[in-house]
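Here are the chains, one letter per residue:
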Amino acid sequence: MSRFVELNLALILFLPWFAILGALFWLYPRKPRTPARQLFDAVSLAVSVCAFVLAVHWAHMNAGHGHGAMWPQILATSMGYGVFLAVLALAFVLRWRWLRGVKDYRE
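The present account deals with the structure reproduced in this document. No experiment lies behind these values; they were computed from the predicted model shown. (Residues numbered from 1 in each chain as written. Predicted model: local features only at pLDDT ≥ 70, side-chain atom pairs only at ≥ 80, totals over all residues. Heavy atoms only, no water.)

## A few points about unusual backbone geometry
- The peptide bond linking Tyr-28 to Pro-29 adopts the cis configuration, its omega dihedral lying at -5 degrees.
- Here Pro-29 lies in the loop between helix H1 (3–27) and helix H2 (35–62). (Helix = DSSP H or I, 4+ residues; strand = E, 2+ residues; numbered from the N terminus.)

## Some points on the packing of H1 against helix H3 (residues 71–100)
- It is at 10 Å that the axes of H1 and H3 come closest, and there the two elements cross at 25 degrees. Classed by the angle they form, the pair H1 and H3 counts as roughly parallel. With respect to the hand of their crossing, H1 and H3 are arranged in right-handed fashion. Of H3, the residues touching H1 (which contributes Glu-6, Leu-9, Ala-10, Phe-14, Trp-17, Phe-18, Leu-21 and Phe-25) are Gln-73, Thr-77, Tyr-81, Phe-84, Leu-85, Leu-88, Ala-91, Phe-92 and Arg-95.
- Of the residues assigned to the contact of H1 with H3, the class counts are 13 nonpolar, two polar and two charged. (Axes fitted to C-alpha atoms, helices over the stretch in contact; angles between N-to-C directions. Parallel < 35°, antiparallel > 145°, perpendicular 65-115°, else oblique. Left-handed = near helix turned anticlockwise from the far one by under 90°. Contact = heavy atoms within 4.5 Å. Nonpolar A, V, L, I, M, F, W, Y, C, P; charged D, E, K, R; others polar.)

## Points about the environment of Phe-14
- For Phe-14, the position within the fold is in helix H1.
- Spatially, the C-alpha atom of Phe-14 lies 9.8 Å from that of Gly-80, the residues being 66 residues apart in sequence.
- Every residue in contact with Phe-14, bar those within four places of it in the chain, is listed here: Phe-52, Thr-77 and Tyr-81.

## As for H3
- With 30 residues, H3 extends 43 Å from end C-alpha to end C-alpha; this agrees with the ideal 44 Å at 1.5 Å per step.
- Here H3 has its buried residues at Pro-72, Gln-73, Ala-76, Gly-80, Phe-84, Leu-88, Ala-91, Arg-95 and Leu-99. (Expected span 1.5 Å × (residues − 1). Buried < 20%, exposed > 50% of the residue type's maximum accessible area, 1.4 Å probe, protein only.)

## Some remarks on the packing of aromatic side chains
- Enumeration according to the criterion identifies seven aromatic pairs in this entry.
- On the basis of an interplanar angle of 20 degrees and a centroid distance of 5.5 Å, the ring pair of Phe-14 and Phe-18 is categorised as stacked. You can see Phe-14 and its partner Phe-18 sitting in helix H1, four residues apart, about one turn around the helix.
- The exposure class assigned to Phe-18 is buried, which follows from its relative accessible area of 6%.
- The interplanar angle of 10 degrees and the centroid separation of 6.4 Å between the aromatic rings of Phe-18 and Tyr-81 together place this pair among those described as stacked. One end of the pair, Phe-18, is in helix H1; the other, Tyr-81, is in helix H3, with 63 residues separating them in the sequence. (Phe/Tyr/Trp six-rings, centres within 6.5 Å; stacked < 30°, edge-to-face > 60°.)

See below:
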């Protein structure tokens, strides 16, 4: 396996699941759908994916090889997924608090 694929294997495998989570984050709640909300959602999703990639690469570089050849992949996948969900959850809470005061959201 090439080094590039090895470093990005977790992202390759998680892309379908990230697409589903990203679509749900983007679509719900349906109102209000303002340009500011769309920008916030797009930036949130981009930051989530970037944080995932950074966490995966950091875990690959810092995983001890004393636990077997698969350990770096396992650690990278676990850390990356946790970081992705944490960033997306933070964005969800921030968006909820922001939209709570919008009149269209409460109707």
